[in-house]
Amino acid sequence: MQEDQPAIFAVVDPLCSRYANTLTGQFVSGSKIALSAFRPITSNTRDAPTESAGKDDVLIHMLQPEFVFDDPILRSLVAEANSTFVALQELKKRGSKAEYMKISRTYRSIIRACLEKLQDAIASAEEAEDADAQAKYQQYISIFYSIECVWHLSEILFLDPTPSNAVVPQLLDWIRFHFPASERMATDLLLLGREASDNDDYWPALKGLILQGQVDVARALLHLHPQAETPHFKLTDQILKTMPTYSMHGATSIQKFRSLWQYWLTDTERKISANILAIEPNLEELIQLVTGDTQMWNTQIQETEYWYEFFPGYLFYTNNACKHFELGNAANTWLSRWARLKGHNSNELQMKQLDRVILSLMENDMHQVIHAIQLMADNQWFVTHLTDLLYNAGQLQIAGENQVNECIKLRDSLLYDFGSSLMTRNSLWQLGMDYLDHCGQEGQAALALLLTKIPFRTEKQALKIICIAQKKGFFEAEQDICKIQSKKSLDEQRYGNALEWAIRSKDTLYVTTIADFLLNHYSKTGDMLCPDVIANIGAKMFISPRLVFLVKYFDFYQFYRKRDFLPAAELLVNLLESKITPEYFWPSLLIDSIPLLESKDPKILSKETCAILQHLETELVPLIDKKKKRLEKYPDEPINILKDYRIENIEEIINLLRLACARNLSRAIIIENTVMG
Amino acid sequence: MFEVELISADHKDVIHDVAFDYYGRRMATCSSDQTVKVWDEDEKGNWIESSNWKAHSGSIWRISWAHPEFGQVLVTCSFDRTASVWEEIVGEKVASLSTPSRRWVRRMTLDDSRTSVSDVKFAPKYLGLMLATTSADGIIRIYEAPDIMNLTQWPVLHEIANKLPLSCISWNTSTYMLSSQLLAAGSDETATHTGKVFIFAYSETRKWVKTDAINEITQPVTDLAFAPNPGRTFHMLAVASKDLYIVNIRGVTDASANTKLDIQATKFSDHNCPVWRVCWNMLATMLISTGDDGCVRIWRKNYTKDWKCAAVIKAEGSYPSYEPSLNSPVMTVSAAATAKYYKKGSISNPNQVPWH
């Protein structure tokens, strides 16, 4: 089949055809791709400037499939249809026929409203003399008009079966909506009253109505004629009035209906062959149509543009009780007749896509219908929504060994594609989520992934996405966004923000990294980067031992700065004992104890002074030895702990500490013993 | 229909790699002119060059972005036998309203290879900030930055030696139903007729072990890529060789509770010529393959999980004459080949049959 051949596109890029070059492509995001010239490289390619270096332009082509829903009018269509889609899912496949009909009609009225808005847009584009906009809206109208037409017919055939399964009355409704000319004329004429028959449209309107099976309106129009009371008009009216109709609700049995019809038909044909109406050719034509006169209908067929235009009308007079399963045959017979009369060789019949889809629908070939409507330039909006509706209503029937399974797969895959294509569009991602939400496990996984791919620029946007991720229980997505936001803040030197985002991510490792960064910075510069945030962390600090250390150290730092030395000393001693001190922080922490140790009135007890001394000898001294040995081996490594911003030389630090401890110990012992004594 | 935007890359020689960041809003290009360029997409969708610098002293083969939680980090590899890690740093704000200046600095040169470094890829982020290089001498090196706040330290964690020269490497993107992390590498060696794709697994003994070679693929392999894996129960690897291969990999447990890989390669010969590169879209529902014939093919997975070529894009050397051939209607894009500025145009789909 021709449609199964891949479509071929071309880009102009001379560099691609130089030497052995070719064209390469990369996905950007969504279905956007980047193309560029490519030179094949292997692992033994020698490196030299290529012969085209500096000559040909090096180009990158960004290609993006056209996306119609960027237009405001169509955007509102997508948004409105989305809420209908959600309502449909809420029925959970257990809705009544009436509920599915209501959904289908809602979809269609959304399309019709959209078509009206598009018409208005064309009018204003015309006024503004914007030919491009006009052409664009014209194209949209032709797309969505076709969609409405196919949807309407699908609704009749699949969602609204009559109890008797007869389709003709509904087909007449369908054709009347899509070829409204006669009905419009009739409305105007009826308003004219008695003068209607003087109008040039009078007889064409009547014929049009009869061709569409609108017998009652035709009779009303006939009554307006001044000669309505003459025998010919009366006879015509009588024939039309007595025409039997097959009840949609199956009140009459089909056999009974057929015999009634046959009786009426024989009677009417007898009247015509008796030339009773010969002097009123207009009336005679109408009656000939009603009796399904071959010659008469053939003449009419030649005037039509679309094969299905008079088909429902013809069925109405010749096979009024036609059932859905008979429709395919009837349609094909009619189509070949139409093609023959229009002078087409039926083998080469060039049918437009819409014509073909309508035939496939009548043939009940859903596989073909779905295949065809995927080619509409509507970014799969129609095929997705129609397939989903039929699936939910239990009316999706496609060929395949494992039918039910195939239907679910098809419907899910359409939802998946449509949802993900909306989600990779900036402004429509929230609508896309609903589709991914309803297509199984893979949809959920795609949703979680795509949520993290939404490029957020502001904190507000990030919070919105996180809020959604939380609701959906996508813990990892939430964590990812928090960490990205944290790193971004850090790069922008907004440290408090970075710490808050890290805590929000609940990732212990990541929080530790950020806390390390802040402590490291402090130990190098003596500058505490985001005091306000650290002061307010509270219980959240328990997410990471390093954060606990940071917060506790900060408390010490606060006491110390407020010259509240006693609690400061107590905290410091606790920190030293805590076993959560990071290696790099030992020098800083011990140096902090020096002024407290040197205080004239001791702040630290003798027992604790011994402990400090103990830490100095068992933690810091071995650490320094280790580092020195490492530096001998790798002289390029940063010296880290061998340096403090307060005291250049680490040896000096150790000496100072030992001295301070000794002095404090002596003072403390004296006082402690004196007091005790 | 396609909307087309043409960017003049202004590189002095051919581009070897184009890479997009996590969101598809930043682009990095590297070229035989030994420079790297970084591009940003603005609010209107235009791509603006934001930085360019000379990065190596040889052709730069490949470029790759780290996950944004590690910041704005790139890695490049070159014929000059090195790979380099680059980080974008934000300068001081000049005025309160202006956006701060940004520039890229080299954080580390990975100079362990004695031959051209043919490929470099960052590991999936759940492994930390880690990357793997392949080189023409057949060695895979895995590096890690233990402190993600300090990108100047990249110790080599593992070296995996192979007999064949290596051209490409890819990390599996998930470990679903597998007992370990997988890594695949390909060789473009032409003399032997053995399998050219190797699968390595990170074993419990903390070593990388070669577990499989894909024997169906004996022709030189120039690129391979594990597919992103949102919610799939098996793993997919695309391989560019004499043909395109899509390899499905499943972890299976045999009777004695040993886990091993069930590997099934499907060949796609539509190109009818060697394939040079492969690229997945973010949900692994589409794949682009680069043929030797001036065409890229775009593949789609249909609802029955089969792969079909959905579109072909071919390069034309010059403007076509006014006789469009039937099966390759040339786009109506009006961009002049020498245009220095991008232009917008559209290409129409020849399969789009009129509806009215």
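Rules used in this analysis
- Residues numbered from 1 in each chain as written.
- Chains lettered and ligands numbered in written order.
- Predicted model: local features only at pLDDT ≥ 70, side-chain atom pairs only at ≥ 80, totals over all residues.
- Heavy atoms only, no water.
- Helix = DSSP H or I, 4+ residues; strand = E, 2+ residues; numbered from the N terminus.
- Rg over C-alpha atoms; globule rule 2.2 N^0.38 Å.
- Buried < 20%, exposed > 50% of the residue type's maximum accessible area, 1.4 Å probe, protein only.
- Contact = heavy atoms within 4.5 Å.
- Areas by Shrake-Rupley, 256 points an atom, 1.4 Å probe, with all protein chains shown as cover.
- Lys, Arg positive; Asp, Glu negative; His and termini not counted.
- Charge placed at Lys NZ, Arg CZ, Asp CG, Glu CD.
- Pairing = 2+ DSSP bridges.
- Axes fitted to C-alpha atoms, helices over the stretch in contact; angles between N-to-C directions.
- Expected span 1.5 Å × (residues − 1).
- Core = buried A, V, L, I, M, F, W, Y, C linked by side-chain atoms within 4.5 Å.
- UniProt positions renumbered as here; feature names shortened; annotations may be inferred.
- Buried area = accessible area lost by both parts, 1.4 Å probe.
- Salt bridge = Lys/Arg side-chain N within 4 Å of Asp/Glu carboxyl O.
- Polar contact = N/O pair within 3.5 Å; in protein donor to acceptor, adjacent residues only side chain to side chain.
- pLDDT = per-residue confidence, 0-100.
- Phe/Tyr/Trp six-rings, centres within 6.5 Å; stacked < 30°, edge-to-face > 60°.
- Lys NZ or Arg CZ within 6 Å of the ring centre and 35° of its normal.
- Parallel < 35°, antiparallel > 145°, perpendicular 65-115°, else oblique.

1. Some remarks on the overall build of chain A
Then step 1. Of regular secondary structure, chain A possesses 29 helices and four strands.
Then step 2. By the compact-globule yardstick of 26 Å for 677 residues, chain A is too spread out, its C-alpha radius of gyration being 42 Å.
Then step 3. C-alpha extents for chain A along the principal axes are approximately 145 × 75 × 55 Å.
Then step 4. Burial status across chain A gives 54% buried among its 677 residues.
Then step 5. Sequence-distant contacts, at least 24 apart, represent 65% of the contacts inside chain A between residues at least 6 apart.
Then step 6. A total of about 31100 Å² of accessible surface is found on chain A, and carbon and sulfur atoms cover 51% of it.
Then step 7. Side-chain charges in chain A split into 70 positive and 87 negative, and the spacing between the mean points of these groups amounts to 7 Å.

2. Remarks on the sheet that holds strand β15 (residues 182-186) of chain B
All names here are of chain B.
Then step 1. Taken in spatial order, the four strands line up as β14-β15-β16-β17 in an open sheet, and their pairing is antiparallel. Edge positions in the sheet fall to β14 (168-171) and β17 (208-214), since each of these pairs with one other strand and no more. Strand-to-strand twist across the sheet, computed as the mean angle between neighbouring axes with direction ignored, equals 25 degrees.
Then step 2. Two elements, β15 and strand β16 (residues 197-202), share five bridges in a ladder whose sense is antiparallel. Counterpart to Leu-183 in the pairing with β16 is Phe-200.

3. Quick notes on helix α8 (residues 231-242) of chain A
Residues and elements named next belong to chain A.
Then step 1. The terminal C-alpha atoms of α8 lie 16 Å apart, and with 12 residues this matches the ideal 16 Å at 1.5 Å per residue to within 8%.
Then step 2. Within α8, the full set of buried residues consists of His-232, Phe-233, Leu-235, Thr-236, Asp-237, Ile-239 and Leu-240.
Then step 3. On its buried face, α8 sits against α6 (202-211), α7 (215-223), α9 (254-273) and α10 (281-290).

4. A few points about the nonpolar core
Residues and elements named next belong to chain A.
Then step 1. Core analysis: the biggest nonpolar cluster contains 161 residues, and Phe-69, Phe-144, Trp-174, Trp-307, Trp-381 and Leu-451 have the highest contact counts within it.
Then step 2. No other element matches helix α3 (residues 131-159), which puts 15 residues into this core.
Then step 3. Met-541, Leu-572, Ile-594 and Ile-654 belong to the second-largest nonpolar core, a separate cluster that totals 76 residues.

5. A short note on the UniProt feature "repeat: WD" (unreviewed entry) in chain B
Residues and elements named next belong to chain B.
Then step 1. As annotated in UniProt, the feature "repeat: WD" (unreviewed entry) corresponds to residues 8-40, 53-96 and 268-299 in the numbering used here.
Then step 2. Overall, residues 8-40 shows 0% helix and 58% strand. The separation of its end C-alpha atoms is 14 Å.
Then step 3. Between the C-alpha atoms that bound residues 268-299 there is a distance of 10 Å. The span itself is 0% helix and 56% strand.

6. A look at the interface of chain B and chain A
Note on interface size: it is often stated as the accessible area lost on association of the parts.
Then step 1. Each partner contributes residues to the interface: chain B has 109 residues there, and chain A has 105 residues.
Then step 2. Between chain B and chain A the total buried area reaches about 9300 Å² when both faces are included, carbon and sulfur atoms providing 62% of it.
Then step 3. Put simply, chain B and chain A have seven salt bridges between them.
Then step 4. At the boundary of chain B with chain A, the tally comes to 24 residue pairs in polar contact (both at pLDDT 80 or more).
Then step 5. Mapped by element, the contributors of at least two residues to the side of chain B that touches chain A are β1 (2-8), β2 (15-20), β3 (26-31), β8 (83-90), β22 (275-280), β23 (286-291), β24 (295-301) and β25 (307-316) of chain B.
Then step 6. Sort the elements by how many residues they give to the side of chain B that touches chain A and β25(B) lands first, with eight residues.
Then step 7. One ladder, built from six bridges, connects strand β1 (residues 7-12) of chain A with β25(B); its direction is parallel. Looking at β25(B), one finds that A:Val11 is bridged to B:Ala315.

7. Observations regarding the side chain of A:Gln212
All names here are of chain A.
Then step 1. Secondary-structure assignment places Gln-212 in the loop between α6 and α7.
Then step 2. For Gln-212, a relative accessible area of 5% translates into the label buried.
Then step 3. Polar side-chain contacts of Gln-212 include one of 2.9 Å to the backbone oxygen of Phe-179.
Then step 4. With residues up to four places along the chain from it excluded, the contact list for Gln-212 reads Leu-172, Ile-175, Arg-176, Phe-179, Ser-182 and Gly-313.

8. Quick word on the confidence of the model for chain B
Then step 1. When pLDDT is averaged along chain B, the result is 86, and 87% of the positions lie at 70 or above.
Then step 2. Under a pLDDT of 50 for its full length, residues 320-356 of chain B has, in the predicted model, 88 contacts with residues more than four places off or in other chains.

9. Considerations on the packing of aromatic side chains
Each aromatic ring pair is specified by the distance between its two centres and by the angle formed by the two planes.
Then step 1. With the rule as written, the count across this model stands at 48 aromatic pairs over all chains.
Then step 2. Each ring, one from A:Phe9 and one from B:Phe2, has its centre 4.9 Å from the other, and the planes form 80 degrees; the classification is edge-to-face. Of the two residues, A:Phe9 is situated in strand β1 and B:Phe2 in strand β1; the pairing between them involves two chains. Assigned by exposure class, A:Phe9 and B:Phe2 land together as buried.
Then step 3. An angle of 20 degrees between the planes, with centres 5.6 Å apart, marks the rings of B:Trp53 and B:Trp104 as stacked. Of this pair, B:Trp53 sits in strand β5 (residues 47-54) while B:Trp104 is found in strand β9 (residues 102-110), placing the two residues 51 residues apart along the sequence.
Then step 4. Feature note: the residues A:Trp174, A:Phe179, A:Trp297, A:Tyr306, A:Trp307, A:Tyr308, A:Phe311, A:Tyr314, A:Phe316, A:Tyr317 and A:Trp334 constitute an aromatic cluster, connected by ring pairs.
Then step 5. When the ring centre of B:Tyr22 is taken as origin, the NZ or CZ atom of A:Lys453, which lies over that ring, is 4.0 Å away.

10. Overview of the sheet that holds strand β7 (residues 73-78) of chain B
Residues and elements named next belong to chain B.
Then step 1. On the basis of which strands lie adjacent, the open sheet formed by four strands has the order β6-β7-β8-β9 and antiparallel pairing. Looking at the sheet topology across the chains shown, the edges are occupied by β6 (60-65) and β9. In this sheet, neighbouring strand axes are inclined to one another by 25 degrees on average, regardless of whether the strands run parallel or antiparallel.

11. Brief notes about helix α21 (residues 475-491) of chain A
Think of an α-helix as 3.6 residues a turn; residues three or four steps apart then line up on the same face.
Residues and elements named next belong to chain A.
Then step 1. Taking 1.5 Å per residue as the helical rise, α21 with its 17 residues ought to reach 24 Å, and the 24 Å between its terminal C-alpha atoms agrees with that figure.
Then step 2. Taken across its 17 residues, α21 has 13 buried, putting it largely inside the fold.
Then step 3. Of the residues trailing α21, Gln-493 is marked for its positive phi of about 60 degrees.

12. Concerning the pairing of strand β4 (residues 59-65) of chain A
Then step 1. Among the seven residues of β4(A), six are classified as buried, and the element is accordingly described as predominantly covered.
Then step 2. Pairing of strand β3 (residues 33-38) of chain A with β4(A) involves four bridges; the strand directions are antiparallel. Within β4(A), the position partnered with A:Leu35 by the bridge is A:His61.
Then step 3. Where β4(A) and β1(B) come together, seven bridges link them in antiparallel fashion. Its bridge partner lying in β1(B), A:Ile60 is registered against B:Ile7.

13. Observations concerning the pattern of salt bridges
Then step 1. All chains considered together, the criterion is met by 51 salt bridges over all chains.
Then step 2. For B:Glu41, the salt bridge identified is with A:Lys32, shortest N-O distance 3.0 Å. Here the residue B:Glu41 occupies a position in strand β4 (residues 35-41), and A:Lys32 occupies one in the loop between β2 (22-27) and β3, the pair thus bridging two chains.
Then step 3. Measuring nitrogen to oxygen at the nearest pair gives 3.1 Å for the salt bridge that ties A:Glu148 to A:Arg112. With A:Glu148 in helix α3 and A:Arg112 in helix α2 (residues 97-127), the pair connects residues that are 36 residues apart, well separated along the chain.

14. A closer look at unusual backbone geometry
Then step 1. In this structure, A:Arg563 is a non-glycine residue whose phi angle is positive, near 60 degrees.
Then step 2. Inspection of the secondary structure puts A:Arg563 in the loop between α25 (545-561) and α26 (565-577).
Then step 3. In this structure, B:Asn272 is a non-glycine residue whose phi angle is positive, near 60 degrees.
Then step 4. Owing to a relative accessible area of 72%, B:Asn272 belongs among the exposed residues under this scheme.

15. Side note on the packing of α3(A) against helix α14 (residues 353-362) of chain A
Residues and elements named next belong to chain A.
Then step 1. Across the interface, α3 lies against α14 with an axial gap of 10 Å and an inter-helix angle of 5 degrees. Relative to α14, the element α3 lies roughly parallel. The residues of α14 that touch α3, namely those facing Ser-146, Cys-149, Val-150, Leu-153, Ser-154, Leu-157 and Phe-158, are Leu-354, Val-357, Ile-358, Leu-361 and Met-362.

16. Considering the environment of B:Tyr303
Then step 1. As for its placement among the helices and strands, B:Tyr303 is situated in the loop between β24 and β25.
Then step 2. The spacing of B:Tyr303 and B:Glu189 is 114 residues in sequence and 37 Å in space, taken between C-alpha atoms.

17. Points about the environment of A:Glu442
Then step 1. The topology assignment puts A:Glu442 in helix α19 (residues 440-453).
Then step 2. Sequence-wise, A:Glu442 and A:Tyr416 are 26 residues apart; in three dimensions their C-alpha atoms are separated by 8.1 Å.
Then step 3. Ignoring any residue separated from it by four or fewer positions in sequence, one finds A:Glu442 in contact with A:Tyr416, B:Gly231 and B:Lys305.

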